[in-house]
Amino acid sequence: MRIASVGTAFPPHRYPQSVITEALLDRMQDKLESPGAMNRLHSNCGVDFRHIMFPLDTLGTLSGFGPTNDLWIKGALDLGQQAIRKALDQVGLEPSDISAIFFTSVTGIACPSIDARLVNLMGFPRNIKRTPIFGLGCVAGAAGISRAIDYVRAFPKQYAVLLSVELCSLTWQEDDASMAHIVASGLFGDGAAAVVLAGEETPLAQKPTSLQEPCPRVIATRSTFYPNTEHLMGWKINHTGFNIVLSADVPSLVKKELRNTVEDFLADNNLGMGNICSFIFHSGGPKVLQAMESSLGLPPHALDASWNSLRQRGNLSSASVLTVMQDFLINRPGSPGCYSMMGAMGPAFCSELLLLRW
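In this text, all values refer to a predicted model and were calculated from it rather than measured experimentally. (Residues numbered from 1 in each chain as written. Predicted model: local features only at pLDDT ≥ 70, side-chain atom pairs only at ≥ 80, totals over all residues. Heavy atoms only, no water.)

**Overview of the nonpolar core**
Ranked by size, the top nonpolar core spans 51 residues in total, and within it I84 and F124 carry the most contacts. Counting residues per element, this core draws most heavily on helix α3 (residues 65-90), at nine residues. (Core = buried A, V, L, I, M, F, W, Y, C linked by side-chain atoms within 4.5 Å. Buried < 20%, exposed > 50% of the residue type's maximum accessible area, 1.4 Å probe, protein only. Helix = DSSP H or I, 4+ residues; strand = E, 2+ residues; numbered from the N terminus.)

Have a look at this one:
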């Protein structure tokens, strides 16, 4: 089973972090106990630029969950089509070649789901299998690949697509002056990513290595649930939409648990940390990335791709790790035969790891 390609798409509105902070302060400063805290927290998020679904001058024009969610549906369809089209074009496939589509998001809801609407819009087969996923948050990019890999493992002659669309700016709540919301409003951005997964017996997976772009095999996957940690991350959902739950204890849990999780996974595959040539991790924020580096004892620059994604786009929730994967496919492919570890963590609290071989 192989990761064949990654396509990404972003809203046209891209702003420096300082400009977004100023716009939010103009809207929220009367509700903040200390307006200076927003400047300080946003400047420490490790973000230089972010894409958002709507122009900043429209802040405050949306009211209520319904209208905001309608905009999410429109944006998800637009960006989703772009991302899938790019991923398919890279490997010469058409929507009609795809047998299963997995869709993940944690920033909006739809019924019929986004994947169903894309079947009509893009010409996927009538007998396509669809799996919409909601609630996994930041871990869903890695977990979605794992579930799609489960599918092509069972059907090795078929292709599957994973689509992630996260429009985090549509969850900003102007009446929420909590520290968690202030941090989230400075950390998360908008974007979409699509991944093509190729079964082992597909023509794409069987092409000689010398004739194909970097196309790592997925050797194994590992899902890990950390008990009694549901309070650390998630949403409180009410009539205004999604209110962030984000505990300051997340980095401590990452630092405590990640190393054992990774080592156990590698040991089950007769490998150790020394066998891993690169780490393709979700851009969870500075403290989370630092916790990952500390827990695993990584050398300097080991997570440069993750840090760069954070600077250029912010945390894209489930789409973040997929944009980091794209960077590796284009700019940092591993040497033939070497191993990479792909991973993300998210609500529950949980982690998803994939062992890749180039």
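Moving on from the model shown.
**A few points about empty space enclosed by the protein**
Inspection of the entire model under this criterion finds one cavity of 30 Å³ or more. Estimated volume of the largest cavity: approximately 40 Å³. Lining the largest cavity, in full, are F65, T68, N69, W72, T107, L170, Q173, T240, G241 and F242. The set of elements that each furnish at least two residues to the lining of the largest cavity consists of α3 and β10 (241-246). Residues of the lining of the largest cavity, tallied by class, amount to four nonpolar, six polar and no charged. (1 Å grid on protein atoms, 1.4 Å probe; cavity = no way out; pocket = protein on both sides within 12 Å on 5 of 7 lines; lining within 4 Å. Points joined across faces, edges and corners; volume = space filled by probe spheres on them. Nonpolar A, V, L, I, M, F, W, Y, C, P; charged D, E, K, R; others polar.)

**Topic: helix α2 (residues 35-43)**
Side chains three or four residues apart in an α-helix point the same way, a direct result of the helix having 3.6 residues per turn. The set of residues buried in α2 consists of A37, M38, L41 and H42. Seen from one end, α2 has its buried residues packed into an arc of 120°, which puts them on one side. Structurally, α2 contributes buried residues whose contacts are with α1 (17-28) and α6 (179-187). (Arc of directions from axis to C-beta. Contact = heavy atoms within 4.5 Å.)

**Some thoughts on the UniProt feature "domain: Chalcone/stilbene synthase C-terminal" (unreviewed entry) in the protein**
As recorded in UniProt, the sites labelled "domain: Chalcone/stilbene synthase C-terminal" (unreviewed entry) are residues 221-327. In residues 221-327, the share of helix is 45% and the share of strand is 21%. The end C-alpha atoms are 21 Å apart. (UniProt positions renumbered as here; feature names shortened; annotations may be inferred.)

**Some words on the UniProt feature "domain: Chalcone/stilbene synthase N-terminal" (unreviewed entry) in the protein**
On the UniProt side, "domain: Chalcone/stilbene synthase N-terminal" (unreviewed entry) is annotated at positions that read residues 5-198 here. The span residues 5-198 shows a helical share of 41% and a strand share of 23%, and its end C-alpha atoms are spaced 9 Å apart.

**Concerning the packing of helix α8 (residues 250-268) against helix α9 (residues 286-296)**
Close contact between α8 and α9 brings their axes to 8 Å; oriented N to C, the two are set at 35°. Considering how the two elements wind past one another, α8 and α9 form a crossing that is right-handed. Of the residues in α9, those touching α8 at V250, P251, V254, K255, L258, R259 and V262 are K287, V288, A291, M292, S294, S295 and L296. Partitioning the contact of α8 with α9 into residue classes produces nine nonpolar, two polar and three charged. (Axes fitted to C-alpha atoms, helices over the stretch in contact; angles between N-to-C directions. Left-handed = near helix turned anticlockwise from the far one by under 90°.)

**Overview of the packing of aromatic side chains**
Within the structure shown, the criterion is met by eight aromatic pairs. Seen from their ring centres, F65 and F242 are 5.6 Å apart, and the 90° between their planes marks the pair as edge-to-face. Taken together, the residues F65 in helix α3 and F242 in strand β10 connect sequence positions 177 residues apart. Counting every residue linked through ring pairs, the aromatic cluster contains F65, F134, W235 and F242. (Phe/Tyr/Trp six-rings, centres within 6.5 Å; stacked < 30°, edge-to-face > 60°.)

**Points about the layout of surface pockets**
Volume-wise, the largest pocket comes out at about 570 Å³. Around the largest pocket sit 25 residues that line it, and V183, L187, L246, P251 and K287 are the ones nearest its centre. Taken together, the residues of the lining of the largest pocket break down into 18 nonpolar, six polar and one charged. Roughly 410 Å³ of volume is contained in the second largest pocket.

**A closer look at the environment of S178**
Note on placement: S178 falls in the loop between β6 (159-167) and α6. Assessed through its relative accessible area of 28%, S178 is described here as partly exposed. Along the backbone, S178 and P67 are 111 residues apart, and their C-alpha atoms lie at a distance of 23 Å.

**Some remarks on helix α5 (residues 140-154)**
Over its 15 residues, α5 runs 21 Å from end to end, which matches the ideal 21 Å to within 8%, given 1.5 Å per residue. Buried residues dominate α5, accounting for 11 of its 15 residues. Those residues of α5 that sit buried are A140, G141, A142, A143, G144, I145, S146, A148, I149, Y151 and V152. (Expected span 1.5 Å × (residues − 1).)

**A few points about the pattern of salt bridges**
The full count for this structure, using the stated rule, is 11 salt bridges. Here R222 and D268 are joined by a salt bridge, their closest N and O atoms 2.7 Å apart. Taken together, the residues span a long stretch of sequence, with R222 in strand β8 (residues 217-225) and D268 in helix α8 at a distance of 46 residues. Assessed through its relative accessible area of 24%, R222 is described here as partly exposed. For D268, a relative accessible area of 53% puts it in the exposed group. Ionic pairing is found between E263 and R259, a salt bridge with its closest N-O pair at 2.8 Å. Of this pair, E263 and R259 both sit in helix α8, four residues apart, which is roughly one turn of that helix. Overall, R259 belongs to the partly exposed group, its relative accessible area being 28%. Each member of the salt-bridge network shares a partner with another, and the members are R147, D150, R153 and E352. (Salt bridge = Lys/Arg side-chain N within 4 Å of Asp/Glu carboxyl O.)

**With respect to the pairing of strand β4 (residues 98-105)**
With eight of its eight residues buried, β4 lies for the most part within the structure. Pairing between β4 and strand β5 (residues 129-134): six bridges, direction parallel. Note that in β5 the partner of S105 across the bridge is F134. In the classification by handedness, the crossover that spans β4, the intervening helix α4 (residues 114-122) and the parallel β5 is right-handed. (Pairing = 2+ DSSP bridges. Right-handed = clockwise from strand over helix to strand, strands pointing away.)

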